[in-house]
Each structure stands twice: as C-alpha cells, then as structure tokens.
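# Fold and contact review
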Amino acid sequence: MNSEIFETLINGLGDKDNRKNNLDSFISKLLSRNIDPKQVSALVLIANKNTKDSLPLKEVGRIMNLAITKEIERREKIEEINNTLHEIGLDINRLN
C-alpha cells in the first residue's frame, strides 16, 4: 500500500464536502489492488471512524456497494479482453 492509503486510514476521509468522493476513491484504490472486499470494509470503517465528521454507516455501505459493483465490472472487462487476446493467439502474460 502507498502512503496515501495509510494517511487516509490515520487521518480519515477529509472534510465534510469531500468525504464521499474521498471514500469512493479510497475504496477503489484498495479494490484495484485485489484486496478482499471484507478487508476493504474493515479498512473503510477505520478511515470513517478517524474522520472528524464521519459518514453515517448506511451511506458508507451504499458507497461501498457501488464501488464493489464498479470493480466487478472492471474485472469482467479485463477478463473479456484477456479472453479475446487468447482467442486470437496472444497471451497477455507473454507480452510483459
């Protein structure tokens, strides 16, 4: 994890005007690193708790569900691309 993620855990999600966007970004960064959604939820709760004016848990859950849905769609698109490349004889692992 990078320092920005640790800073969010320690310092929270920022001011009242930016916390929803910051929460979405925080969740997306964690999920994009293939961190298990249950672990992401635990980290999100820590960050929210450390936020001066924390978000209601219902709102955290809503944002979390949306972020997970976006991540699932992103992973499905990557899988489709990999399958297409495989079908035409290209192996993404060999390209690196």
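Residues numbered from 1 in each chain as written. Predicted model: local features only at pLDDT ≥ 70, side-chain atom pairs only at ≥ 80, totals over all residues. Heavy atoms only, no water.

### Remarks on the overall build of the protein
For the protein, the count of helices and strands is five helices and zero strands. Written out in order from the N terminus, the α and β elements of the protein read α-α-α-α-α. Relative to a compact globule of 96 residues, whose C-alpha radius of gyration would be 12 Å, the protein shows 16 Å and is clearly more extended. Within the span of the protein, comprising 96 residues, buried residues form 27% of the whole. In the protein, once contacts between residues fewer than 6 apart in sequence are set aside, the share between residues at least 24 apart is 64%. Surface accessibility of the protein: about 6900 Å² in total, with carbon and sulfur atoms responsible for 52%. In the protein, 15 side chains carry a positive charge and 15 a negative one; their mean positions are 6 Å apart. (Helix = DSSP H or I, 4+ residues; strand = E, 2+ residues; numbered from the N terminus. Rg over C-alpha atoms; globule rule 2.2 N^0.38 Å. Buried < 20%, exposed > 50% of the residue type's maximum accessible area, 1.4 Å probe, protein only. Contact = heavy atoms within 4.5 Å. Areas by Shrake-Rupley, 256 points an atom, 1.4 Å probe, with all protein chains shown as cover. Lys, Arg positive; Asp, Glu negative; His and termini not counted. Charge placed at Lys NZ, Arg CZ, Asp CG, Glu CD.)

### Quick notes on helix H1 (residues 3–11)
Listing the buried residues of H1 in full gives Ile5, Thr8 and Leu9. Buried residues of H1, viewed axially, fall in a sector of 100 degrees; they line one side. H1 presents Ile10 and Asn11 as exposed residues on the side facing more than 90 degrees away from its buried surface. Where H1 is buried, its residues contact helix H2 (19–32) and helix H3 (37–49). At the N-terminal boundary of H1, the capping side chain belongs to Asn2, with an oxygen 3.2 Å from the backbone nitrogen of Glu4. Following H1 by one or two positions, Gly12 adopts a phi angle in the positive range, close to 90 degrees. (Arc of directions from axis to C-beta. Polar contact = N/O pair within 3.5 Å; in protein donor to acceptor, adjacent residues only side chain to side chain.)

### Comments concerning the nonpolar core
In this structure, Leu23, Phe26, Ile27, Leu30, Val40, Val44 and Leu55 are the most contacted members of the largest nonpolar core, which totals 18 residues. Those elements that provide at least two residues to this core are H1, H2, H3 and helix H4 (57–87). Residues in contact with Val44, not counting those within four places in the same chain, are Leu23, Phe26, Ile27, Val60 and Met64. (Core = buried A, V, L, I, M, F, W, Y, C linked by side-chain atoms within 4.5 Å.)

### Focus on the confidence of the model for the protein
The predicted model of the protein averages 91 in pLDDT, with 94% of residues at 70 or higher. Least confident of the elements in the protein is helix H5 (residues 92–95), whose mean pLDDT is 64; most confident is H3, at 95. (pLDDT = per-residue confidence, 0-100.)

### As for a negative patch on the surface
A cluster of like negative charges, contributed by Glu73, Glu76, Glu79 and Glu80, occupies part of the molecular surface. Here Glu73 is to be found in helix H4. Relative accessible area serves as the criterion here: at 43%, Glu73 is assigned to the partly exposed category. (Patch = residues over 30% accessible without salt bridge, like charges linked within 9 Å, V, L, I, M, F, W, Y side chains within 5 Å. Salt bridge = Lys/Arg side-chain N within 4 Å of Asp/Glu carboxyl O.)

### Quick look at the pattern of salt bridges
Per the stated rule, a full pass over the model turns up eight salt bridges. Residues Lys29 and Glu4 are paired through a salt bridge, measuring 2.2 Å at the closest nitrogen-oxygen approach. One end of the pair, Lys29, is in helix H2; the other, Glu4, is in helix H1, and 25 residues separate them in sequence. A salt bridge links Arg62 to Glu59, with the shortest nitrogen-to-oxygen separation between them at 2.7 Å.

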